[in-house]
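# Report on the structure
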Amino acid sequence: MTQAIEQAFALAKQRFADIGIDVEAALAQLDRLPVSMHCWQGDDVRGFENPQGALTGGIQATGNYPGRARSAEELRADLEQAMALIPGPKRLNLHAIYLESEQAVDRHEIKPEHFASWVAWAKQQKIGLDFNPTCFSHELSADGFTLAHANAEIRQFWIDHCKASRKISAWFGEQLDTPSVMNIWVPDGMKDLTVDRLAPRQRLMNSLDEIISEKLNPAHHIDAVESKLFGIGAESYTVGSNEFCLGYAASRQTALTLDAGHFHPTEVISDKISTAMLYVPRLLLHVSRPVRWDSDHVVLLDDETQAIASEIVRQKLFDKVHIGLDFFDASINRIAAWVIGTRNAKKALLRALLEPVEQLKKLEIEGDYTARLALLEEQKSLPWQAVWEAWCLRHDVPAGASWLGDVRHYEQQILSQR
Ligand SMILES: C[C@H](O)[C@H](O)[C@@H](O)C(=O)CO
Ligand SMILES: [Mn+2]
């Protein structure tokens, strides 16, 4: 098997060299592009603060496939299993509710010490961490408002939670020597006709200003804001809309988070990257798959995932775009979900790196749209898969579907006992 992969790789390398692509250079770039895996795929966004509590905030994990992680130890073990089947660099994206503490700690009182085991584990795994305050699944978010709440005390609680989260994020960055991207997403919105659409947005803006008022070392911590079109129970009005977040990130020079599921079903984030990059210093991507709504299905190697990856590569946004995932499917094996989605994101990046971008740009500027279309389509059937398999072998992970056997084995040995 290994020999066959190596032979195919040698032929593929030559094929790509014929169109001016240095495959080794492409793989070197892929080795510098981490994908941040989201911890919440492993336990249906429950966390360890109050795992029996309801998931609120207008998001839903549907399905009841057996074996979800019930503790941080189980979640880390599951992540290790998934990560062992995914080639190349990875990070882990944590939410605040994944803290570990013997005593109950309310959100505004979380501290780095509550994430010490995660940092120790990340050091062992040699990966960076990213972070999110959790502004949902809490009694003080029950009426659908947090940072934009009309009640000053409740608003302050969430401001304090986000400030505490920034400290944790900066500590991650300092400990792990790689900046932690901290994404602020709030579910704030209204189910029905909203009369005052301005005041909540003014309050959200002021809250965010207070949250980011303390300057933190950018080598350790990056602030990001995530917009959304609507959530369940907030169908008519979302305070942190796209216009709000783009305006906020541009005027405050924070990062902007673009989630593939947070727009109208016919809108795609791949077309938003180039616009946003004109105005904001960085982007965080939540690569996801909406099916009719923000359903957070597992990422496929589909046209939009490819278009997102191609945009990063074509515009050389390697140091400005942070690639994260955001899906939570509880209807299939959760480890398989991570593996499928993360491998697909990386396959799309590889395919993008194997594209003769300069040649295609030249054809475009010369107006030769016939050749542009012809080459883009021929590109799809060049032997990128042989390069993928060789890259998997280099990283000591299964090249093809045999990874599923490892997941099944883990399911029998570990998940079925939960
Ligand atoms: C759990 C995540 O933070 C959440 O999914 C958020 O990023 C989002 O996309 C909400 O729809
Ligand atoms: Mn998201």
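It should be emphasised that the depicted structure is a prediction, and the values quoted were computed from it without experimental measurement.

Quick notes on the rules
Residues numbered from 1 in each chain as written. Chains lettered and ligands numbered in written order. Predicted model: local features only at pLDDT ≥ 70, side-chain atom pairs only at ≥ 80, totals over all residues. Helix = DSSP H or I, 4+ residues; strand = E, 2+ residues; numbered from the N terminus. Rg over C-alpha atoms; globule rule 2.2 N^0.38 Å. Contact = placed C-beta atoms within 7 Å. Expected span 1.5 Å × (residues − 1). Buried ≥ 20, exposed ≤ 12 C-beta atoms within 10 Å, placed from the backbone. Arc of directions from axis to C-beta. Near = placed C-beta within 6 Å. Nonpolar A, V, L, I, M, F, W, Y, C, P; charged D, E, K, R; others polar. Core = buried A, V, L, I, M, F, W, Y, C linked by C-beta atoms within 7 Å. Pairing = 2+ DSSP bridges. Right-handed = clockwise from strand over helix to strand, strands pointing away. UniProt positions renumbered as here; feature names shortened; annotations may be inferred.

### Remarks on the overall build of the protein chain
Regarding its fold elements, the protein chain presents 14 helices and 12 strands. For 418 residues, the compact-globule estimate of 2.2 N^0.38 gives 22 Å, and the C-alpha radius of gyration of the protein chain, at 22 Å, lies within 12% of that figure. Seen through its C-alpha atoms, the protein chain measures out along the principal axes to roughly 65 × 55 × 40 Å. Partitioning the intrachain contacts of the protein chain with sequence separation of at least 6 by distance along the chain shows that 81% fall at a separation of at least 24.

### Things to note about helix 3 (residues 72-83)
With 12 residues, helix 3 should reach 16 Å at 1.5 Å per residue; the first-to-last C-alpha distance of 16 Å fits that figure. Of the residues making up helix 3, those classed as buried are L75, R76, D78, L79 and A82. Down the axis of helix 3, the buried side of the element spans an arc of 160°, and every buried residue falls inside it. Among the structural elements, strand 2 (90-95), helix 4 (116-125) and helix 10 (334-353) are those in contact with the buried residues of helix 3.

### Focus on the site of ligand 1
Taken together, W40, V45, I59, N132, W185, E226, K228, D259, H286, D294 and D326 form the complete shell of residues around ligand 1. A per-class count over the shell around ligand 1 returns four nonpolar, two polar and five charged.

### A short note on the nonpolar core
Counting residues in each nonpolar core, the largest one holds 110 residues, and the members touching the most others are A224, A255, L256, L283, V339, L350 and V387. Examining the composition of this core, we find that 12 residues originate from one element, helix 10, more than from any other. Apart from the residues within four sequence positions on either side, A224 is in contact with V181, M182, N183, I184, T254, A255, L256, T257 and L284.

### Quick word on the environment of R351
Its location among the elements puts R351 in helix 10. The buried category is assigned to R351, around which 23 C-beta atoms lie within 10 Å. As a C-alpha pair, R351 and P383 span 32 residues in sequence and 9.6 Å in three-dimensional space. Setting aside residues no more than four positions away along its own chain, R351 makes contact with Q306, A309 and W384.

### Section: the pairing of strand 9 (residues 283-287)
Looking along a regular strand, one sees the side chains alternate between the two faces of the sheet. Taking burial as the measure, the five residues of strand 9 include five buried ones, the bulk of the element. In strand 9, alternate side chains face the same way, and those of L283, L285 and V287 on one face and L284 and H286 on the other are all buried. Inspection of the sheet shows strand 8 (residues 255-259) paired to strand 9 by four bridges, in the parallel sense. What sits directly across from L258, in strand 9, is L285. As for the winding sense of the linkage, the β-α-β connection from strand 8 through helix 8 (residues 273-279) to strand 9 is right-handed. Strand direction decides the pairing type here: strand 9 and strand 12 (residues 321-325), joined by five bridges, are parallel. If you follow L285 over to strand 12, its bridge partner there is I323.

### Topic: the UniProt feature "binding site: Mn(2+)" (unreviewed entry) in the protein chain
Annotation from UniProt places "binding site: Mn(2+)" (unreviewed entry) at H262, D294 and D296. For the residues just named, distributed over 35 residues, the greatest C-alpha separation is only 9.8 Å, placing them together at one site. Considering the arrangement of structural elements, one finds D294 in strand 11 (residues 293-297). When sequence neighbours within four positions are dropped, the list of residues in contact with D294 reads G261 and H262. With respect to the helices and strands, D296 occurs in strand 11. The exposure class of D296 is buried, given the 27 C-beta atoms found within 10 Å. Sequence-distant contacts of D296, that is, excluding residues within four places in its chain, are made with G261, S288, D326, F327 and F328.

### Here's the deal with the environment of K228
Looking at the element boundaries, K228 is found in the loop between strand 6 (221-226) and strand 7 (237-238). For K228 and G42, which are 186 residues apart along the polypeptide, the C-alpha to C-alpha distance reads 23 Å. Aside from chain neighbours lying at most four places away, what touches K228 is T238, G240 and H262.

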